[in-house]
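So you can see what is in the structure, the chains are spelled out below.
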Amino acid sequence: MKEKEIKTSYKEYSFDELPPEERHLVEKAKEMTRKSYAPWSKFMVGAAILLDNGEIVCGANQENVAFPSGTCAERSACYYAGANHPGVPLRKIAIAARNLSKDETLGFEESFEKTPVAPCGACRQALIEYERLYGPIEVILYGADSTYVIPSVSALMPFTFIDF
């Protein structure tokens, strides 16, 4: 028997410490939470992807009463990028999440999750498909108290499904 270990390295920043390009991407993701449709969970997620050509594409989670018919912010953004910018590499994705019930009592900025929220497994796998095509996609996970920057999606999901 062999025992092996997997480690994920990431950088932790305050929002103000982020480089301007990453701050701008996070702001786009935060703004996209306003376009979420999440009347059941009240969990609003926004994603913003920086493409290799400098364009930014965005997505927001969209729930449906016929759960799980909705989609996550990360997949709505990466599929939009793939459909509307075929062949253009995805370079960075920023993700922000807030709780609508907090928004009603505290306000927009105060409603964001304090700690970063990572993408679900389905979104990680979808993003890994693009990472395999174009190379690493940096992941920026925003939290009101700290922001994590991870060098690639595969760092979040080391055992991916790769064979069809």
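Structure shown above.
Let me sum up the structure you'll find in this document. (Residues numbered from 1 in each chain as written. Predicted model: local features only at pLDDT ≥ 70, side-chain atom pairs only at ≥ 80, totals over all residues. Heavy atoms only, no water.)

**Some points on the overall build of the protein**
Looking only at helices and strands, the protein features 4 helices and 6 strands. Reading the protein from its N end, one meets helices and strands in the order β-α-β-β-α-β-α-α-β-β. For a compact globule of 164 residues, the expected C-alpha radius of gyration is about 15 Å, and the protein comes in at 16 Å, within 12% of that figure. Here the protein holds 164 residues, and the buried ones make up 43% of them. (Helix = DSSP H or I, 4+ residues; strand = E, 2+ residues; numbered from the N terminus. Rg over C-alpha atoms; globule rule 2.2 N^0.38 Å. Buried < 20%, exposed > 50% of the residue type's maximum accessible area, 1.4 Å probe, protein only.)

**With respect to the nonpolar core**
Counting 26 residues, the largest nonpolar core has Ile49, Leu51, Cys78, Leu90, Ile93 and Val139 as the members making the most contacts within it. Apart from the residues lying within four places of it in its own chain, the contact partners of valine 139 are Ile93, Ile95, Tyr148, Val149, Ile150, Ser152, Val153 and Leu156. Among the nonpolar cores identified, the runner-up in size contains 13 residues, and Leu25, Val26, Phe108 and Val149 belong to it. (Core = buried A, V, L, I, M, F, W, Y, C linked by side-chain atoms within 4.5 Å. Contact = heavy atoms within 4.5 Å.)

**A word on the sheet that holds strand 5 (residues 138-142)**
Spatial strand order, 1-6-5-4-2-3: 6 strands in an open sheet with mixed pairing. The sheet terminates laterally at strand 1 (11-13) and strand 3 (56-60), the two strands that pair on one side only. In this sheet, neighbouring strand axes are inclined to one another by 20 degrees on average, regardless of whether the strands run parallel or antiparallel. Two strands pair when backbone bridges link them, and strand 2 (residues 43-51) and strand 3 are joined in this way by 5 bridges, in the antiparallel orientation. Residue pairing in the sheet places isoleucine 49 in a bridge with valine 57 of strand 3. (Pairing = 2+ DSSP bridges. Axes fitted to C-alpha atoms, helices over the stretch in contact; angles between N-to-C directions.)

**Points about helix 1 (residues 20-32)**
Counting along an α-helix, one turn takes 3.6 residues, and residues three or four places apart therefore face a common direction. With 13 residues, helix 1 ought to run about 18 Å at 1.5 Å a step, and its terminal C-alpha atoms sit 18 Å apart, in line with that. Three or more residues of helix 1 are buried, namely Glu22, Leu25, Val26, Ala29, Lys30 and Met32. Down the axis of helix 1, the sector holding all buried residues measures 160 degrees, keeping them to one side. Turning to helix 1, the residues buried within the fold contact strand 2, strand 3, strand 4 (90-99) and strand 5. (Expected span 1.5 Å × (residues − 1). Arc of directions from axis to C-beta.)

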